[in-house]
Amino acid sequence: MSGCTGDHCVTCADEAVPVVVARLLADGLADVDVGGGRLERVSVALVDAGVGDTVLVHAKEAIGVVAT
């Protein structure tokens, strides 16, 4: 899994971004595909998401499921 590059994470931006859940992990976490096969770890504790779902993420927190 790739981490943040430099000082910027796609999922830490000042706006919510759509990403695809690649893998569900323990403790309400998931690895999400942020594009180009790059994965970032985020919390999905606030949403009911599964692998393959597109979720909106802001500040490393999934805030909504937009497509299943």
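Residues numbered from 1 in each chain as written. Predicted model: local features only at pLDDT ≥ 70, side-chain atom pairs only at ≥ 80, totals over all residues. Heavy atoms only, no water.

Caption draft 1: Region of the structure containing the overall build of the protein chain. In terms of helices and strands, the protein chain carries 0 helices and 5 strands. From first element to last, N terminus to C terminus, the protein chain shows the α and β order β-β-β-β-β. Split into buried and exposed, the 68 residues of the protein chain put 37% on the buried side. Within the protein chain, contacts between residues at least 6 apart in sequence are counted, and of these 42% link residues at least 24 apart. Only carbon and sulfur atoms are counted for the fraction: they give 52% of the accessible area of the protein chain, which is about 3,800 Å². (Helix = DSSP H or I, 4+ residues; strand = E, 2+ residues; numbered from the N terminus. Buried < 20%, exposed > 50% of the residue type's maximum accessible area, 1.4 Å probe, protein only. Contact = heavy atoms within 4.5 Å. Areas by Shrake-Rupley, 256 points an atom, 1.4 Å probe, with all protein chains shown as cover.)

Caption draft 2: Spatial organisation of the nonpolar core. By size, the foremost hydrophobic cluster in this structure holds 13 residues, and its most contacted members are Val19, Val21, Val32, Val44, Val55, Val57 and Ala62. Of all elements in the fold, only strand E1 (17-24), strand E2 (29-33) and strand E4 (54-58) reach the threshold of two or more residues within this core. With 3 residues, E1 is the largest single contributor of residues to this core. Ignoring anything within four residues of it in the chain, the contact list for valine 55 reads Val17, Pro18, Val19, Val21, Ala49, Ala62, Gly64, Val65 and Val66. (Core = buried A, V, L, I, M, F, W, Y, C linked by side-chain atoms within 4.5 Å.)

Caption draft 3: Broad picture of the side chain of serine 43. By the element assignment, serine 43 lies in strand E3 (residues 39-43). Looking at serine 43, the relative accessible area reads 15%, which means it is buried. If near-sequence neighbours (up to four positions away) are discounted, serine 43 is found in contact with Gly28, Leu29, Lys60, Glu61 and Ala62.

Caption draft 4: Region of interest: the pattern of salt bridges. This structure, assessed with the given rule, holds 4 salt bridges. With its nearest N and O atoms 2.5 Å apart, the salt bridge here joins arginine 38 to glutamate 40. According to the relative accessible area criterion, glutamate 40 is buried, its value standing at 1%. One salt bridge connects glutamate 40 with lysine 60, and the closest N-O pair in it is separated by 3.5 Å. In this pair, glutamate 40 is assigned in strand E3 and lysine 60 in the loop between E4 and strand E5 (61-67), connecting sequence segments 20 residues apart. Connected through salt bridges with shared partners, the residues Arg23, Asp31 and Arg41 form a single ionic network. (Salt bridge = Lys/Arg side-chain N within 4 Å of Asp/Glu carboxyl O.)

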